[in-house]
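Residue-level listing of the chains:
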Amino acid sequence: MSGIKISEDHEWVSLDGDTATVGITDYAQNALGDVVFVELPEVGASFAKGDEVAVVESVKAASEIYAPVSGEITGVNAALEDQPDKINQSPLDDGWLFRIRLSDAGEIDELMDEDAYASFVAGLK
Amino acid sequence: MMNRQGRKSGTGGIAAGEAPETFTGHSGLDHVEPLIFEIGDNAKTGVDLPAPGDFTPALGGLARQQPSGLAGGGLPGLSEPEVIRHYTRLSRKNYAIDSGLYPLGSCTMKHNPRLNEKIARIPGLSDVHPLQPISTVQGSLKVMDELAHWLKTLTGMPAIALSPKAGAHGELCGLMAIRTALEARGDARSLVLVPESAHGTNPATAALCGYGVKSIPANARGRVDLDLLKEALDDNVAALMLTNPNTCGLFEDQVIEIAEAVHAAGAFFYCDGANFNAIVGRVRPGDLGVDAMHLNLHKTFSTPHGGGGPGSGPVVFSEALAPFIPLPEVVSDGEGLRLREHPGDGDRSFGRMTAFHGQMGMFLRALAYMYSHGADGLRQVAEDAVLNANYVLAGLKDVMSLSYDGPCMHEALFDDSFLKGTGVETLDFAKAMIDEGFHPMTMYFPLVVHGAMLIEPTETESKASLDEFIFALRSLAEAAKAGDTARFAGAPHLAPLRRLDETAAARKPILRWVPNSSVEP
Amino acid sequence: MRYLPLENSDRQKMLRSVGVSSIDELFADVPEAARLDKLLDLPLHMGEQEVERRFAEMARANHCAGDGPFFAGAGAYRHHIPATVDHLIQRGEFLTAYTPYQPEISQGTLQCLFEFQTQVAQLTAMEVANASLYDGSTGCAEAILMARRVTRRNKAVLSGNLHPQYREVAETITQFTADELEMLPVSPGEPGADLAALMDALDNDTSCVVVQNPDFFGHLQDLSGLAEAAHAAGALLVVVVTEVVSLGAVMPPGEMGADIVVCEGQSIGNGMNFGGPYLGLFATRQKFLRQMPGRLCGQTEDAEGRRGYVLTLSTREQHIRREKATSNICTNSGLCALAFTIHMSLLGETGLRQLAMLNHQRAVELKAALARVSGVSVLGEAFFNEITLELRAPAAPVGETLAGQGIIAGVPASRLYPGDPALENLLVMAATEMTSEADIAALAAALAEALA
């Protein structure tokens, strides 16, 4: 996958027109361990950047997912309800979380590109 | 094969994987035991009741259909010997204090005296209804009054609410009194400060009381950072919730300065009394500036843990909070004792935590324990608990990594840095303890160190028992460092079950037996 | 001291190993001003005999239920507990184990919890149940908080005939949360009026209606219509049962459309104990599972494919979620739940039904006997094992008079609703399988005399 942007909360954003697909990074799924449950937002709900929009849970931890950009939810990955492990197996593809229509296109530029994220993660170790 | 203590090895010379597979699936004393629903029958019963005679029911046409519940699965019963065998077999799959050292940090797994159980079953004290006329329950009220007196004396606090049902319920009781007191003086505040090493109940309780939570970091010595605390304290802070001794097993040596700073900011000092066992009879929280503190009777005062409850969490209060505590309250009116159950005119009590008067069965056990120990024995409890923990600390600090320099109080905190590079995870290390005959310590708590291992031996252990425990942990630590990873991977090997798949349990929760597998609940 | 294994010689050796010369050095972190250097003003340690003597003395100051005819109920009930129950819960492996955090060596406790959860679900006719809460009253407050999370609405409507202490607990627990409570007026003689008021109170802000069945005064009602109305308004129906034995005879709340069922489970396996410890049963629909408070046990497999049980869905709980947890609760009522499960396994469907019908029969007989007493009228028509009398005179002094004669006649409503003249003459009474014909006759005679 190319051209994705990534937040400091380890969420990737892939923009297509005015709508972005959002998921968590491989680093994040690895840190979280086996995902057992995902709580997704309602389609049509609006969030400001930084709002809590979803929750990804493993056996021993619950991780809030914060909106990496502001906008309205246009779709969610309903397959995760039955198969939350898609997040572990395919975090950047089948394990996507939701789609959001951006209300402020400029926000996408505030996120890191993949190289910047790679050094951000390296700095965490 | 002989082990390092010169005893015959536990598997009788056969390696674990080589034991013959039994025909029944049972394994000696350990039986595979089905669910009651798989062996019982709706028509079967283990009680003999007189048959109801002829009468006209008055159930208003709302009679239950049989058999009840999902898919008509009903409630299978068994005869008395079958019930006894079923639950006896199940009981043998449990580790318990009665069978061995139970070093769960922050849980105070001490001996549960059987005298307590005998006392709690005296018919004159147990076969009593909570709403009988007050003239008929003077003995029960006396028990409550005595317990209140002992707890107030031991903590040096002037007021007490006995009714909270457990520690977390007591925390809520304490914070509600604080919020009520603040509101009574027209002082709306919105924040509770909680050290990062706190029990999870502290922030959860603050949230239930309508407060935001701010975490206060620890300093390099594992105590609250006083400077950061002072920075965080302002006129928006309602309370500090502090466990002392803290969950790193350390006494907060600046506690008096902490209390002064909290009070200077107009806030209250809530102390989580989970670790009171370390200081009972040697330190009174009232002398430390505490405004409210719950006492877990199942920790310090030996009421049984019972596989997870019931608890009991009386809360002691300072003069400043005394007017706001919940009802009921035992009071003496000269002629005898009575229960104040309803607020009077101008009463500032914040309300009622529970129906009736609290965990009376636990009050009886705790009071029996306090009588048994007396003022002298309780002080000895604290001293022995602290001595035992320091003995373990001293016995392990060269092979495991101690998080903070000792001496500790009643528990010793290690982290997992000694396992670095061994390929052995903290969890594996703990599970290997099971094979050596011990319940693991508390793991991954407190959150302030990496891979925490918190060991609380309690005063219940003899020196010989501690020596064996230290020997086991030293041996495991050395084995890990020597690359003997097989013993850890997939441990335990010798428990009734091997490691359980918690991920599968959480992904597709099966929370009940289903009568017919084709029926989805 | 019999509970402390260390001898002084051990202590000396251990102090040396630790590297200190006295125990005081280990308490060096305690500020000097706070160190107690002498014993507190409390008695010194005592032997078993002396402890027993003290408690026996206090027990003698009580009149206990077994001392005479006994008719108190109102949320706590006197039932027979088979000897097997008390024997098994005192096995050290159950009594002295902690929360089953290490499932490999806690399968005993865990399988019992799984059986408990199933029994509670079957009994209430609900899909899932948790591993228990403190008691019925705190469970009721938790149900109100849960209904807010599920519906994202914050107004709970509480029946006037809900146990008054349950109402007080709900008011207390919600006073600093986002919940609003609408408290309907009490209607002891007209259960139908209470139901109608609950329906009227439903609106678009209602998270739940909370109703007790049988209600505080003993009346049984069909709640199906209320369930429909609540659901039509987008609210949940919370049903509270304080006498769980009733479910052996009465249509369970799940069949009436309940969304959350809260019971006081004391009646099965647990004594009255002057009010605690008791047992909160909590059951709901599968779809609300993630919002349920309290501990849950689930089935899984071990590394060799054998069936086993673990605590699960812990991410709802305080030790992981901290301030975002569904509740601050950290324990269940473990040993009381075990007593419930063992007693229920002894009873089975057949025994439970017999027990329940025996209770009902005694209450029918009690009602018939008291209806003949001059100055007494019995409120209501449909009931299980509890009825309310309206006396010619205030009930509390009558209760005291009878207590003086060794009869615990019931609970005067004024004990729980002080200062309400309309309720002053009401006496709430229960009959159970422990009640004999002679008890009823003695009560009727004493009551007739007291009211003459």
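Note that the structure is a prediction, hence the values are computed from the model and not measured.

What counts and how
- Residues numbered from 1 in each chain as written.
- Chains lettered and ligands numbered in written order.
- Predicted model: local features only at pLDDT ≥ 70, side-chain atom pairs only at ≥ 80, totals over all residues.
- Heavy atoms only, no water.
- Helix = DSSP H or I, 4+ residues; strand = E, 2+ residues; numbered from the N terminus.
- Rg over C-alpha atoms; globule rule 2.2 N^0.38 Å.
- Buried < 20%, exposed > 50% of the residue type's maximum accessible area, 1.4 Å probe, protein only.
- Contact = heavy atoms within 4.5 Å.
- Salt bridge = Lys/Arg side-chain N within 4 Å of Asp/Glu carboxyl O.
- Pairing = 2+ DSSP bridges.
- Right-handed = clockwise from strand over helix to strand, strands pointing away.
- Axes fitted to C-alpha atoms, helices over the stretch in contact; angles between N-to-C directions.
- Buried area = accessible area lost by both parts, 1.4 Å probe.
- Polar contact = N/O pair within 3.5 Å; in protein donor to acceptor, adjacent residues only side chain to side chain.
- pLDDT = per-residue confidence, 0-100.
- Core = buried A, V, L, I, M, F, W, Y, C linked by side-chain atoms within 4.5 Å.
- Nonpolar A, V, L, I, M, F, W, Y, C, P; charged D, E, K, R; others polar.
- Domains from an automatic or database assignment.
- Phe/Tyr/Trp six-rings, centres within 6.5 Å; stacked < 30°, edge-to-face > 60°.
- Expected span 1.5 Å × (residues − 1).
- Left-handed = near helix turned anticlockwise from the far one by under 90°.
- Arc of directions from axis to C-beta.

Peer 1: Just give me the short version of the overall build of chain A, but keep the residues and values in it.
Peer 2: A count of helical and extended segments in chain A gives 4 helices and 9 strands. Starting at the N terminus, the α and β elements of chain A follow one another as β-β-β-α-β-β-β-β-β-α-α-β-α. Taken against the 2.2 N^0.38 rule, which gives 14 Å for 125 residues, the C-alpha radius of gyration of chain A at 13 Å falls within 12% of a compact globule. With respect to the three principal axes, the spread of C-alpha positions in chain A is 35 × 35 × 25 Å. For chain A, with 125 residues in total, the buried portion stands at 50%. For chain A, contacts bridging at least 24 residues in sequence account for 59% of all contacts bridging at least 6.

Peer 1: Tell me about the pattern of salt bridges, residues and numbers included.
Peer 2: Taken as a whole and judged by the stated rule, the model has 51 salt bridges over all chains. One salt bridge connects Arg 352 of chain B with Glu 168 of chain C, and the closest N-O pair in it is separated by 3.0 Å. With Arg 352 of chain B in the loop between strand E9 (337–340) and helix H10 (360–396) and Glu 168 of chain C in helix H8 (residues 164–173), the pair connects residues from two separate chains. Under the relative-accessibility criterion, Arg 352 of chain B is labelled buried at 1%. Connected through salt bridges with shared partners, the residues Glu 117, Arg 121 and Arg 365 of chain B together with Asp 86 of chain C form a single ionic network.

Peer 1: Give me the lowdown on the pairing of strand E2 (residues 191–195) of chain B, citing residues and values where you can.
Peer 2: All names here are of chain B. For E2, the buried fraction is high: 4 of the 5 residues fall into the buried class. Bridge count between E2 and strand E3 (residues 212–216): 5 bridges; the pairing is parallel. By the bridge assignment, Leu 191 is partnered in E3 with Gly 212. Where the polypeptide runs from E2 across helix H7 (residues 201–208) and back to E3, its parallel neighbour, the crossover connection is right-handed.

Peer 1: Outline the sheet that holds strand E13 (residues 453–455) of chain B, listing residues and values.
Peer 2: Residues and elements named next belong to chain B. Spatially, 4 strands are ordered E10-E11-E13-E12 in an open sheet, and the strand pairing comes out antiparallel. In this open sheet, the two edge strands, each paired with only one partner strand, are strand E10 (401–402) and strand E12 (442–443). Taken together, the 2 bridges between E12 and E13 define a ladder with antiparallel strand orientation. Within the sheet, the bridge partner assigned to Thr 442 lies in E13 and is Leu 454. Against the sheet, H10 makes contact with E10, strand E11 (412–415) and E13, and its axis sits at roughly 30 degrees relative to E11, the strand it touches most.

Peer 1: Please set out the interface of chain B and chain C residue by residue, giving values where relevant.
Peer 2: Between chain B and chain C, the contact holds 206 residues from the first and 190 residues from the second. In total, about 17200 Å² of surface goes out of reach between chain B and chain C, with carbon and sulfur atoms giving 63% of it. Counting the surface chain B buries against chain C, the share from its top three residues, Leu 62, Arg 64 and Leu 511 of chain B, is 5%. Taken together, the links from chain B to chain C amount to 12 salt bridges. With a closest N to O distance of 3.1 Å, Glu 52 of chain C and Lys 118 of chain B form a salt bridge. For the interface between chain B and chain C, the tally reads 91 residue pairs in polar contact (both at pLDDT 80 or more).

Peer 1: Tell me about the confidence of the model for chain C, and name the residues and values.
Peer 2: When pLDDT is averaged along chain C, the result is 96, and 100% of the positions lie at 70 or above. Model confidence for the complex is summarised by a pTM of 0.95, with the ipTM given as 0.97.

Peer 1: Describe the nonpolar core, with residues and values.
Peer 2: With 134 residues, the main nonpolar core has Phe 301, Met 400, Phe 429 and Leu 473 of chain B together with Phe 55 of chain C as its most contacted residues. When residues of this core are assigned to their parent elements, the largest contribution, 20 residues, is made by H10 of chain B. Among all residues touching Phe 429 of chain B, those that are not within four sequence positions of it are Met 400, Phe 418, Leu 419, Val 424, Met 441, Met 453, Leu 473, Leu 476, Ala 477 and Phe 488 of chain B.

Peer 1: Let's hear about the sheet that holds strand E1 (residues 5–6) of chain A: which residues, and what values?
Peer 2: Residues and elements named next belong to chain A. With antiparallel pairing, 6 strands are arranged side by side in an open sheet as E1-E2-E3-E9-E8-E5. The two strands at the open ends of the sheet, each matched to only one other strand, are E1 and strand E5 (46–47). The pairing of strand E8 (residues 71–76) with strand E9 (residues 98–102) spans 5 bridges and is classified as antiparallel. When the sheet's bridge partners are listed, Val 76 is paired in E9 with Phe 98.

Peer 1: Outline the environment of Ala 382 of chain B, supporting the account with residue identities and numerical values.
Peer 2: Within the fold, Ala 382 of chain B resides in helix H10. By relative accessible area, Ala 382 of chain B is classed as buried at 0%. It is 43 Å that separates the C-alpha atoms of Ala 382 of chain B and Arg 512 of chain B, two residues lying 130 residues apart in sequence. Every residue in contact with Ala 382 of chain B, bar those within four places of it in the chain, is listed here: Asn 277, Ala 278, Ile 279 and Val 280 of chain B together with Phe 27 of chain C.

Peer 1: I'd love a proper account of the interface of chain B and chain A, names of residues and values included.
Peer 2: Taken together, the contact between chain B and chain A spans 5 residues of the former and 9 residues of the latter. Between chain B and chain A, roughly 550 Å² of surface is buried when both sides are summed, and carbon and sulfur atoms account for 47% of that area. Looking at the side of chain B facing chain A, the largest losses of area belong to Glu 502, Thr 503 and Arg 507 of chain B, adding up to 75% of the total buried there. Scanning the region where chain B abuts chain A turns up 0 salt bridges. Linking chain B with chain A are 4 residue pairs in polar contact (both at pLDDT 80 or more). The residue inventory of the side of chain B that touches chain A, partitioned by class, reads 1 nonpolar, 1 polar and 3 charged.

Peer 1: Residue-level account of the domain arrangement of chain C, with values.
Peer 2: Residue and element names in this part refer to chain C. Under the domain assignment, chain C is made up of domain 1 (66–80 + 348–451) and domain 2 (83–344). Relative to domain 2, the C-alpha centre of domain 1 lies at a distance of 27 Å. Contacts between domain 1 and domain 2 engage 29 residues on the former and 31 residues on the latter. Regarding the contact of domain 1 and domain 2, the summed buried area is about 2500 Å², with carbon and sulfur atoms giving 67% of it.

Peer 1: Explain the pairing of E9 of chain B to me, using residue names and the numbers behind them.
Peer 2: Residues and elements named next belong to chain B. By the alternation rule, side chains of E9 split into Leu 337 and Leu 339, which are all buried, and Arg 338 and Arg 340, of which none is buried. By the bridge criterion, 4 bridges tie strand E8 (residues 329–332) to E9 in an arrangement that is antiparallel. Across the sheet, the residue bridging to Ser 332 is Leu 337, located in E9.

Peer 1: I'd love a proper account of the side chain of Glu 459 of chain B, names of residues and values included.
Peer 2: For Glu 459 of chain B, the location among the structural elements is in the loop between E13 and helix H12 (463–481). Using a relative accessible area of 2% as the deciding quantity, one classes Glu 459 of chain B as buried. A distance of 2.9 Å separates a polar atom in the side chain of Glu 459 of chain B from a polar atom in the side chain of Lys 110 of chain B. There is a polar contact of 3.1 Å between the side chain of Glu 459 of chain B and the side chain of Asn 277 of chain B. Once residues within four sequence positions are removed from consideration, Glu 459 of chain B is found in contact with Lys 110, Asn 277, Tyr 369, Val 381, Asp 384, Ala 385 and Asn 388 of chain B together with Leu 4 and Pro 5 of chain C.

Peer 1: Give me the lowdown on the packing of aromatic side chains, citing residues and values where you can.
Peer 2: Applying the stated criterion across every chain, the model contains 18 aromatic pairs over all chains. When the centroid spacing of 6.3 Å and the interplanar angle of 5 degrees are considered together, the rings of Tyr 369 of chain B and Tyr 3 of chain C count as stacked. With Tyr 369 of chain B in helix H10 and Tyr 3 of chain C in the segment before helix H1 (8–18), this pair bridges two chains. Judged on exposure class, the residue Tyr 369 of chain B and its partner Tyr 3 of chain C are both buried. Three or more aromatic residues joined by ring pairs form one cluster here, namely Phe 276, Phe 301 and Tyr 369 of chain B together with Tyr 3 of chain C.

Peer 1: Can you explain H12 of chain B? Please cite residues and give values.
Peer 2: Residues and elements named next belong to chain B. Taking 1.5 Å per residue as the helical rise, H12 with its 19 residues ought to reach 27 Å, and the 27 Å between its terminal C-alpha atoms agrees with that figure. Buried residues of H12: Lys 463, Ser 465, Leu 466, Phe 469, Ile 470, Ala 472, Leu 473, Ser 475, Leu 476, Ala 477, Ala 479 and Ala 480, and no others. Positioned one or two residues after H12, Gly 483 has a phi angle of 85 degrees, which is positive.

Peer 1: Describe the packing of helix H2 (residues 80–91) of chain B against helix H13 (residues 334–371) of chain C, naming the residues involved and giving the relevant values.
Peer 2: Packed helix pairs are characterised by how far apart their axes lie and by the angle those axes make with each other. Close contact between H2 of chain B and H13 of chain C brings their axes to 9 Å; oriented N to C, the two are set at 145 degrees. For the pair H2 of chain B and H13 of chain C, the crossing hand works out as right-handed. Every residue of H13 of chain C that contacts H2 of chain B at Glu 80, Val 83 and Tyr 87 of chain B is listed here: Thr 341, Ile 342, Ser 345 and Leu 346 of chain C. Its residues placed into classes, the contact of H2 of chain B with H13 of chain C shows 4 nonpolar, 2 polar and 1 charged.

Peer 1: I'd like a rundown of helix H9 (residues 255–264) of chain B, residues and numbers included.
Peer 2: Residue and element names in this part refer to chain B. Listed as buried for H9 are Val 255, Ile 258, Ala 259, Ala 261 and Val 262. Along the axis of H9, the buried positions cluster into a sector of 165 degrees, meaning they face one direction only. Projecting away from the buried face of H9 at angles above 90 degrees are the exposed residues Glu 260 and Ala 264. Looking at the buried positions of H9, the neighbouring elements they touch are helix H8 (226–232), strand E4 (237–243) and strand E5 (268–272). Immediately beyond the C-terminal end of H9, within one or two residues, lies Gly 266, with a positive phi of roughly 80 degrees.

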